[in-house]
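Examining the three-dimensional arrangement
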Amino acid sequence: MGPVRLEAITWERLGDLLAERLLDLKPDDGSPWPRIAFDGAPAARPGELAHRVSEALRIRGRSSLVVGTEGFLRPASLRLEYGHQDVEAYYDGWFDTSALWREVFGPLEAGGNGRVLPDLWDPATDRATRSSSVQLPPGGLLLLHGPLLLRHWFPFDLSVHVLLSPGALRRRTPEAEHWTLPAFERYENEVDPGATADVLVRADDPRRPAWNG
């Protein structure tokens, strides 16, 4: 990734500015539901930013639905087929991308019904969640957060990548999850999410991010 001019900001202001940007976002494929990615390693907490933006949208009178990919993990028998710390499995097969296409993105295509399944699998019980679908009204926004999102060709209308430097990523990742760090190094090398995303947020300082909006 080449040099990017970043502006320091507060998390509150960042949520407001992103919400303002999303108000006028129109999908190129004719769908009435804009689809937004909040991409980042778990330690970068992209879900917190997604929820912050959702609240800022609510105040502005726009509906949104926050969905986390942790609710679309594959069953343990598949995730852990090659062991509990297999980096290749984490990178390529940890999340049920087919279910995300079917239950989240499919209903939001042009001509879809807007009924999105917010989660499918509970990793704690290793069972289906049996959650009910949520009706997203026309103009409502999908805010999907999780790691490694920008390598799957999901039809995002805008993408936000929450970046941590390698040192910050290691410090803020629980030691029991350090085995996943090579997957994020590979992601950086193969996808370059900081350059691929429409908006880059650098979150090394948890109190004051910087962004390129």
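Scroll up for the structure.
In short, a report on the structure. (Residues numbered from 1 in each chain as written. Predicted model: local features only at pLDDT ≥ 70, side-chain atom pairs only at ≥ 80, totals over all residues. Heavy atoms only, no water.)

Along the backbone of the protein chain there are eight helices and eleven strands. Relative to a compact globule of 213 residues, whose C-alpha radius of gyration would be 17 Å, the protein chain shows 17 Å and is just as compact. The buried share of the protein chain, taken over its 213 residues, is 46%. The contacts in the protein chain between residues at least 6 apart in sequence include a share of 76% that link residues at least 24 apart. (Helix = DSSP H or I, 4+ residues; strand = E, 2+ residues; numbered from the N terminus. Rg over C-alpha atoms; globule rule 2.2 N^0.38 Å. Buried < 20%, exposed > 50% of the residue type's maximum accessible area, 1.4 Å probe, protein only. Contact = heavy atoms within 4.5 Å.)

By size, the foremost hydrophobic cluster in this structure holds 61 residues, and its most contacted members are Leu18, Leu22, Phe38, Leu49, Val53 and Leu143. If we ignore the near neighbours within four places in the chain, the residues touching Val53 are Gly15, Leu18, Ala19, Leu22, Phe38 and Leu143. (Core = buried A, V, L, I, M, F, W, Y, C linked by side-chain atoms within 4.5 Å.)

Looking at where His161 falls in the secondary structure, it is placed in strand β9 (residues 158-163). Overall, His161 belongs to the buried group, its relative accessible area being 5%. Polar side-chain contacts of His161 include one of 2.7 Å to the side chain of Asp39. Apart from the residues lying within four places of it in its own chain, the contact partners of His161 are Asp39, Gly40, Pro193, Gly194, Ala197, Val199, Leu200 and Val201. (Polar contact = N/O pair within 3.5 Å; in protein donor to acceptor, adjacent residues only side chain to side chain.)

Its identity as a non-glycine residue notwithstanding, Arg45 has a phi of 55°, on the positive side. One non-glycine residue with positive phi stands out, namely Asp192, at about 50°. The topology assignment puts Asp192 in the loop between α7 (181-191) and α8 (193-196).

Moving on, we get to the sheet that holds strand β11 (residues 210-211). The strand order β1-β11-β10-β9-β2-β8-β3 describes an open sheet built from seven strands, whose pairing is mixed. With one partner strand each, in any of the chains shown, β1 (7-8) and β3 (64-68) form the two edges of the open sheet. Lying on the sheet, helix α1 (residues 11-23) is in contact with β2 (35-39), β8 (141-146), β9, β10 (199-202) and β11; it crosses β10 at an angle near 175°. (Pairing = 2+ DSSP bridges. Axes fitted to C-alpha atoms, helices over the stretch in contact; angles between N-to-C directions.)

On to the environment of Glu70. In this fold, Glu70 is placed in the loop between β3 and α3 (76-79). According to the relative accessible area criterion, Glu70 is partly exposed, its value standing at 45%. Taking the C-alpha atoms as reference points, Glu70 and Ala110, 40 residues apart in sequence, are found 26 Å from one another. In this structure Glu70 touches Phe95, Trp121, Pro123 and His145, once residues within four positions along its chain are discounted.

Turning next to the packing of α1 against helix α2 (residues 46-59). Where α1 meets α2, the closest approach of the two axes is 8 Å, and the angle between their N-to-C directions is 60°. It follows that α1 is oblique to α2 by the angle criterion. In this structure, α1 crosses over α2, and the sense of that crossing is right-handed. Counting all contacts with α1, which are made through Trp11, Glu12, Leu14, Gly15, Asp16, Leu18, Ala19, Leu22 and Leu23, the residues of α2 involved are Leu49, Arg52, Val53, Ala56 and Leu57. Residue composition of the contact of α1 with α2, by class: ten nonpolar, one polar and three charged. (Parallel < 35°, antiparallel > 145°, perpendicular 65-115°, else oblique. Left-handed = near helix turned anticlockwise from the far one by under 90°. Nonpolar A, V, L, I, M, F, W, Y, C, P; charged D, E, K, R; others polar.)

Moving on to the pairing of β9. Extensive coverage of β9 is indicated by the burial of six of its six residues. The alternating pattern of β9 places Leu158, Val160 and Val162 on one face and Ser159, His161 and Leu163 on the opposite face, and all of these are buried. Note that β2 and β9 share four bridges and pair parallel. Opposite Ala37, over in β9, you have Ser159 as the bridge partner. Relative to β10, β9 runs parallel, the two being bridged by four bridges.

Okay, α2 next. With 14 residues, α2 should cover 20 Å at 1.5 Å per step; its first-to-last C-alpha distance of 20 Å lies within 8% of that length. Every buried residue of α2 is listed here: Pro46, Gly47, Leu49, Ala50, Val53, Ser54, Ala56 and Leu57. On its buried face, α2 sits against α1, β2, β3, β8, β9 and β10. Within two residues after α2, Gly61 carries a phi angle of roughly 85°, on the positive side. (Expected span 1.5 Å × (residues − 1).)

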